[in-house]
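What follows is the residue order along each chain.
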Amino acid sequence: MNNKLSLKIVVADTSVIIRSGVSAVLKRIPNLDVHPVEVTSTEALGNYANLHRPDMVIINPAFDGWFNLPAFKGQHPRLEGVKYVALLSSVTNNNVLKEYDERFSICDDLDIIAAKLNGLMRTDEESDEEKESEADTLSQREKEIVTCIVKGMTNKAIAEQLFLSIHTVITHRRNIARKLQIHSSAGLTIYAIVNKLVELSDIKEKL
C-alpha cells in the first residue's frame, strides 16, 4: 500500500536545465509522490492555472523578465491556498521574496529541499501535533524530543529516530523553548531530570 503524499507541483523557469533538474530532484524525495509539470512562460503558466489546480508552484522570481506574484494571485483566485516557492538561481531582493511561502536555491541539497517541502505540505499527523503544541504542557512528541536533546542528539539524528522531517523537529524545538522559556541544553537537562523524562545514568557523560 502506497502511503506517500501525492503532490502536483508546477516548475516554472526558462532554463530547461534548471526545470528538468528541479523536477528530477522532486521525484527523488522520500515519502512524497511528486508529479512535476514544467512550464516555460508566464502565458503557459496562466493557461495551466485556468485548467488545473496544483498543490504548489516553484517559480523563478525573474521568470519571463519578472514574475508579479501578487498580480498572478489576483488573476487566479481559484488557486487560493496553493503554495508558491521562489526558485533562486541568482541574488534576489528580499522584499520580493516576502510574497512567497518558501524559497529553494539551486545550491540546496536533497535533504534541505525535502525538509522545506514537508514543512509546506505537512501530513495530518504533523498538523495535529502542532495544534497539540498550543497547550500549556508538552505533548508526548515534544517530551520525546526533549529526551533526545538532553542525550546530545542532533536535529538530523532526532528526525531519523522519530521518523520526522528536520523542519518538524526544529518547529517542535521552538515550541518547547516558547512553552518552557528554556533556551539552553543545560536548562532542558534540569527540566528533563526533574520531570523524570530521563535518568541520570542516561546523561551522566554530559554532566
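Here is what the cut-offs are and how they apply
Residues numbered from 1 in each chain as written. Predicted model: local features only at pLDDT ≥ 70, side-chain atom pairs only at ≥ 80, totals over all residues. Heavy atoms only, no water. Pairing = 2+ DSSP bridges. Helix = DSSP H or I, 4+ residues; strand = E, 2+ residues; numbered from the N terminus. Axes fitted to C-alpha atoms, helices over the stretch in contact; angles between N-to-C directions. Parallel < 35°, antiparallel > 145°, perpendicular 65-115°, else oblique. Left-handed = near helix turned anticlockwise from the far one by under 90°. Contact = heavy atoms within 4.5 Å. Nonpolar A, V, L, I, M, F, W, Y, C, P; charged D, E, K, R; others polar.

Enquirer: Explain the sheet that holds strand β1 (residues 5–12) to me, and be specific about the residues and the numbers.
Expert: What the five strands build is an open sheet, ordered β2-β1-β3-β4-β5; its pairing is parallel. The sheet terminates laterally at β2 (32–39) and β5 (102–105), the two strands that pair on one side only. When the angles between neighbouring strand axes are averaged without regard to direction, this sheet yields 25°. Here strand β4 (residues 83–88) pairs with β5 via four bridges, running parallel. The residue of β5 that forms the bridge with V85 is E102.

Enquirer: Tell me about the packing of helix α7 (residues 140–150) against helix α8 (residues 155–162), and name the residues and values.
Expert: Taken N-terminus to C-terminus, the directions of α7 and α8 make an angle of 135°; their axes are 10 Å apart at the nearest point. With respect to α8, the axis of α7 lies oblique. The interaxial crossing formed by α7 with α8 has right-handed handedness. Contacts between α7 and α8 involve R141, E144, I145, C148 and I149 from the former and I158, Q161 and L162 from the latter. Of the residues in the contact of α7 with α8, the class split is five nonpolar, one polar and two charged.

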